[in-house]
Each structure stands twice: as C-alpha cells, then as structure tokens.
Amino acid sequence: MLAWPVTVTSPATSPSSQPDSHDGQFMELALQQARLAPLVGEVPIGAVLVSDNHVIAAAHNYREILQDPTAHAEIIIIRQAAEQLKTWRLTGTTLYVTLEPCPMCAGAIVQARIARLVFGAWDPKAGACGSILDIPSERRFNHQVQVTGGLREKESRGLLQEFFRTKRAALSEQRRLSTSVSQGERSD
C-alpha cells in the first residue's frame, strides 16, 4: 500500500520568543518521519517544514515507492507546503531535515525562498550545504538561507548507518542462500 506524507497543522506545544528554541522539538519530528521510512523500504531521511512554530508539512523519502529520483523528503514537503499555502514563496519558514540536503534539494530550498535550514547529519559524499558545496550561502543567488548543521547528528547518522547495515546483512544472507542453492543443484 502506498503511504503518503503526513501534513500536520497543529501549533507547537511550548511557546517561546526565541526563534531557535524549538529546534530540538522540530528535529525530533523529522527524526520520527525518518524512522517511518524503512518500514516502507525507504532510506531513513525525514523532513519537517515549520512556519511560526506550526508544522506545515512533514515527510520522508519516497524515491523507492514512487521510483522518482526527485522524491526526496525536502522536495515533497516543499511541494506540500506550496500547495497548502497557495504560494511557491515559503518565506519565513524553517526546514528541518535529518541529512544535509543534496544539490537538488539545496537548490529547491533556495528557489522556495525558505529562510532557514536545520539539518542533522553532515553528508560528506553529496552534501550541498557546507560539505561539498554551499548552495544556500552562495552570494551570487538572489536568496540566501541561514543554515545550522549537526543538530541531533548522532541520531540522524545512526538511523542511516543501521538502515544500510541491515540492508547489507540481508543482501549477504541472500547471496549465501543463493550460493547454497546453486551448490545443492550441482550435487544432484
């Protein structure tokens, strides 16, 4: 069964005058989305988009389910929010994601005019928000995004490591069983 991203519009539970005071709470929501992803065969990357301490959209990756290379959590929530708010300009919003965005997602974040990005794990292989490239801070663009990286990094990285460890173990077991069956057929 195809599961679609959840859209949440309830207000944050604890009010605060500091704009960064809820970062941990919203990153936890992104982590919750990431934890759902492996249940449907997706890489555990989750994202949440927030405006005025209200969650506008939440999702995890859907690349495998949709067989769509653009179905990253960030792209899905940007589309959801634009549809819900009836505008592509997502000014004043903060995007929380468990892994540093790739070049495609970083570009979409800039194009959507998202004000702030908070991510968990750095991505030394494909990260475009400080690791390999730094698209959100590129001064030649007409919009820059304030970026905070490394929030709940250990948990975010741990979800990814566990997912791929489990996937490699399953593949290894599948190969072992395949080899056993092939050797059994030869002995007949």
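Use the structure listed above.
Remember, predicted model here, so these are calculated numbers, not experimental data.

What counts, and where the lines are drawn
- Throughout, a residue's number is its position along its own chain's written sequence, starting from 1.
- Residue-level local features of this predicted model are given only where pLDDT is at least 70; pairs of side-chain atoms are given and counted only at 80 or more, and the full residue set underlies all totals for whole chains, interfaces and linings.
- The basis for every side-chain value is the complete set of non-hydrogen atoms in the structure, without hydrogens or water.
- Secondary structure is summarised from DSSP: a helix means a run of H or I of at least four residues, a strand means a run of E of at least two, and numbering begins at the N terminus for each.
- Exposure classes here rest on a 1.4 Å probe applied to the protein chains alone. A residue is buried below 20% of its type maximum, exposed above 50%, and partly exposed in between.
- Residue contacts are defined here by distance: any two heavy atoms, one from each residue, within 4.5 Å place the two residues in contact.
- For every accessible area listed, the method is Shrake-Rupley and the probe measures 1.4 Å; residues are considered covered only by the protein chains on display.
- Any two strands with at least two DSSP bridges between them are considered paired.
- For helices, the fitted line uses only the C-alpha atoms of the stretch in contact; every axis is such a line through C-alpha atoms, and the angle between N-to-C directions lies from 0 to 180 degrees.
- Residues qualify for a patch when their relative accessible area is over 30% and they have no salt bridge, like charges being joined within 9 Å and the nonpolar side chains of Val, Leu, Ile, Met, Phe, Trp and Tyr within 5 Å.
- Between Lys or Arg on one side and Asp or Glu on the other, a salt bridge is scored when a side-chain nitrogen of the former is within 4 Å of a carboxyl oxygen of the latter.
- Crossovers are described as right-handed under a simple rule: with the strands pointing away from the observer, the path leading from the first strand over the helix to the second runs clockwise.
- Contacts described as polar in this section are N or O atom pairs within 3.5 Å, which, within protein, must combine one atom able to donate a hydrogen with one able to accept it, while residues neighboring in sequence count only if both atoms come from side chains.

Moving on: the overall build of the protein chain. What the protein chain contains, in helices and strands, is 5 helices and 5 strands. Counting helices and strands in the order they occur from the N terminus, the protein chain gives α-β-β-α-α-β-α-β-β-α. For the protein chain, the proportion of its 188 residues judged to be buried stands at 39%. Taking the intrachain contacts of the protein chain between residues at least 6 apart in sequence as the baseline, contacts between residues at least 24 apart amount to 59%. As presented, the protein chain carries roughly 10,400 Å² of accessible surface, and 54% of it is formed by carbon and sulfur atoms.

Taking strand neighbours across the sheet as the criterion, the 5 strands line up as 2-1-3-4-5 in an open arrangement whose pairing is mixed. Each of the sheet's edge strands pairs with one partner strand only, and the pair in question is strand 2 (54-60) and strand 5 (146-149). Sheet twist, expressed as the average angle between the axes of neighbouring strands with direction ignored, equals 15°. Across 6 bridges, the pairing between strand 1 (residues 46-51) and strand 2 is antiparallel. Bridge assignment links A47 to a residue of strand 2, and that residue is A59.

To continue, consider the environment of A82. Inspection of the secondary structure assignment puts A82 in helix 3 (residues 73-85). The contact partners of A82, leaving out residues within four places of it in the chain, are T87, W88 and L90.

On to a nonpolar patch on the surface, then. Residues L36, L39 and V40 make up a contiguous nonpolar surface patch of roughly 280 Å² in combined accessible area. Tracing the backbone shows V40 in the loop between helix 1 (23-36) and strand 1. Residue classification places V40 among the partly exposed residues on the basis of a relative accessible area of 32%.

Turning our attention to the pairing of strand 4 (residues 116-121). Regular strands place their side chains on alternate faces of the sheet. The buried fraction of strand 4 is high, at 6 of 6 residues. Strand direction decides the pairing type here: strand 3 (residues 93-99) and strand 4, joined by 5 bridges, are parallel. Residue pairing for strand 4: L95 is matched across the bridge by L117. For the crossover from strand 3 across helix 4 (residues 103-111) to strand 4, the handedness is right-handed. Looking at chain direction, strand 4 and strand 5 are connected through 4 bridges and run parallel.

Within the fold, H22 resides in the segment before helix 1. Overall, the relative accessible area of 4% leaves H22 in the buried class. A polar contact of 3.1 Å, which involves the side chain of H22, links it to the side chain of Q25.

Inspection of the secondary structure assignment puts V97 in strand 3. Here V97 falls in the buried class, since its relative accessible area comes to 0%. Sequence-wise, V97 and E28 are 69 residues apart; in three dimensions their C-alpha atoms are separated by 9.8 Å. Filtering out sequence-adjacent residues up to four positions away, V97 remains in contact with M27, I45, G46, A47, E74, L117, V118, F119 and G120.

With that out of the way, let us pick up helix 4. Turning to helix 4, its buried residues are C105, A106, A108, I109 and V110. The secondary structure elements touched by the buried residues of helix 4 are helix 3, strand 3 and strand 4. Trailing helix 4 by a residue or two, R113 shows a phi angle of about 65°, which is positive.

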